[in-house]
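Analysis of the macromolecular model
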Amino acid sequence: MIAARTLRGLGGILVALLLWQAVVGSGLASFDYLPSPAAIAASIPELVNDRGVVGETLHTLGATLLGWGIAVAIGLSLGALLGFSSIARAWGLASVELLRPVPAVALVPAAMLLFGFSIETELVVIVIPTIWPVLVSTMRGIMAVPDRLEDVAHVLRLGRVETVVKVLIPAAAPAVLVGCRLGMTTALVLAVVAEMIGNPEGIGYAVVREAQALHPDLMFAYVLIAGMLGVLLNAGLVGIARIILPGVFNRPSAVESVP
């Protein structure tokens, strides 16, 4: 079922590309710097052979994974604390709701004042906004676990630690995966944004560089690479989740319900 849905999604992308090609090729679009999909595809060999696309992609990938990993560690810890403790929610939830709406771009000037044009600036922009989807999903997932599961654990005479590890965490795992996948997407987007304005490295800087050089075909090729990187990261995360908790994520509903 998942494969069929993926194929339908790819079919939709193919139709969009064909329409784009038809509009540009027929002259209906009068934009000077809007290349056709064919022109973008033709630029990819030049990108691979003559430019440092591998290093730029690896930089963005590394920054994304590092920032996401830090954010997940913080988000899971704080989310679990808020989910399990009503006292922590009473004292800490207002602070979360106050900080969560802060736009990621607003962090760039402060980060640049502290760290300059560096990977540290990029990580600040990535980590702080990525924490919130992980934290909120973890907290909500734990709070949504039915009380009857704790009753079952009590009947089985499980200790508190065993109840958390064997009952509560698996029950909350699908919601945690939602937060981690949203966080992964957020981390990649913010990595590209930070590279555009706060750290002249990676795919984001390459997009700006090619735009300034009036190479729209190469610019869109880099955008395509960023999109494919997001697809691969998402697929890898789901695959790892299925390996770690096969009893939870091998059920179709557990994975298909995640956006």
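Going by the structure above, here's the rest.
Notes on the structure follow.

**Looking at the packing of helix α4 (residues 86-99) against helix α6 (residues 119-143)**
Axis separation between α4 and α6 bottoms out at 11 Å; the angle between their running directions is 145 degrees. Of the two possible hands of crossing, α4 and α6 adopt the one that is left-handed. Only Trp 132, Leu 135, Met 139 and Met 143 of α6 make contact with α4, whose side of the interface consists of Arg 89, Leu 93, Val 96 and Leu 99.

**Comments concerning helix α10 (residues 216-244)**
A rise of 1.5 Å per residue sets the reference length of α10, with its 29 residues, at 42 Å; its end C-alpha atoms lie 42 Å apart and thus fit the reference within 8%. Buried within α10 are the following residues: Pro 216, Leu 218, Met 219, Ala 221, Tyr 222, Ala 226, Leu 229, Leu 233, Leu 237, Val 238 and Ala 241.

**Examining the layout of surface pockets**
By volume, the second largest pocket is sized at about 430 Å³. Considering the residues around the second largest pocket, the lining is formed by 21 residues, among which Leu 76, Ala 173, Val 176, Cys 180 and Leu 245 are closest to the centre. Contributing elements (two or more residues each) for the lining of the second largest pocket: α3 (53-84), α6, α8 (160-197) and α10. Among the residues forming the lining of the second largest pocket, the class breakdown is 20 nonpolar, one polar and no charged.

**Re the pattern of salt bridges**
Applying the stated criterion across every chain, the model contains three salt bridges. The salt bridge involving Glu 97 is made with Arg 100; its shortest N-O contact spans 2.9 Å. The class of Glu 97 is partly exposed, set by a relative accessible area of 37%. The exposure class of Arg 100 is partly exposed, given its relative accessible area of 37%. The salt bridge partner of Arg 209 is Glu 210, with a shortest N-O separation of 3.2 Å. On the basis of relative accessible area, Glu 210 is assigned to the buried category, the value being 1%.

**What about helix α9 (residues 202-212)?**
The set of residues buried in α9 consists of Gly 202, Ile 203, Gly 204, Ala 206, Val 207 and Glu 210. One or two steps after α9, the chain reaches Leu 214, where phi turns positive at roughly 60 degrees.

What counts and how
- Residues numbered from 1 in each chain as written.
- Predicted model: local features only at pLDDT ≥ 70, side-chain atom pairs only at ≥ 80, totals over all residues.
- Heavy atoms only, no water.
- Axes fitted to C-alpha atoms, helices over the stretch in contact; angles between N-to-C directions.
- Helix = DSSP H or I, 4+ residues; strand = E, 2+ residues; numbered from the N terminus.
- Left-handed = near helix turned anticlockwise from the far one by under 90°.
- Contact = heavy atoms within 4.5 Å.
- Expected span 1.5 Å × (residues − 1).
- Buried < 20%, exposed > 50% of the residue type's maximum accessible area, 1.4 Å probe, protein only.
- 1 Å grid on protein atoms, 1.4 Å probe; cavity = no way out; pocket = protein on both sides within 12 Å on 5 of 7 lines; lining within 4 Å.
- Points joined across faces, edges and corners; volume = space filled by probe spheres on them.
- Nonpolar A, V, L, I, M, F, W, Y, C, P; charged D, E, K, R; others polar.
- Salt bridge = Lys/Arg side-chain N within 4 Å of Asp/Glu carboxyl O.

Take it as geometry only, folks, not as evidence of what the structure does.
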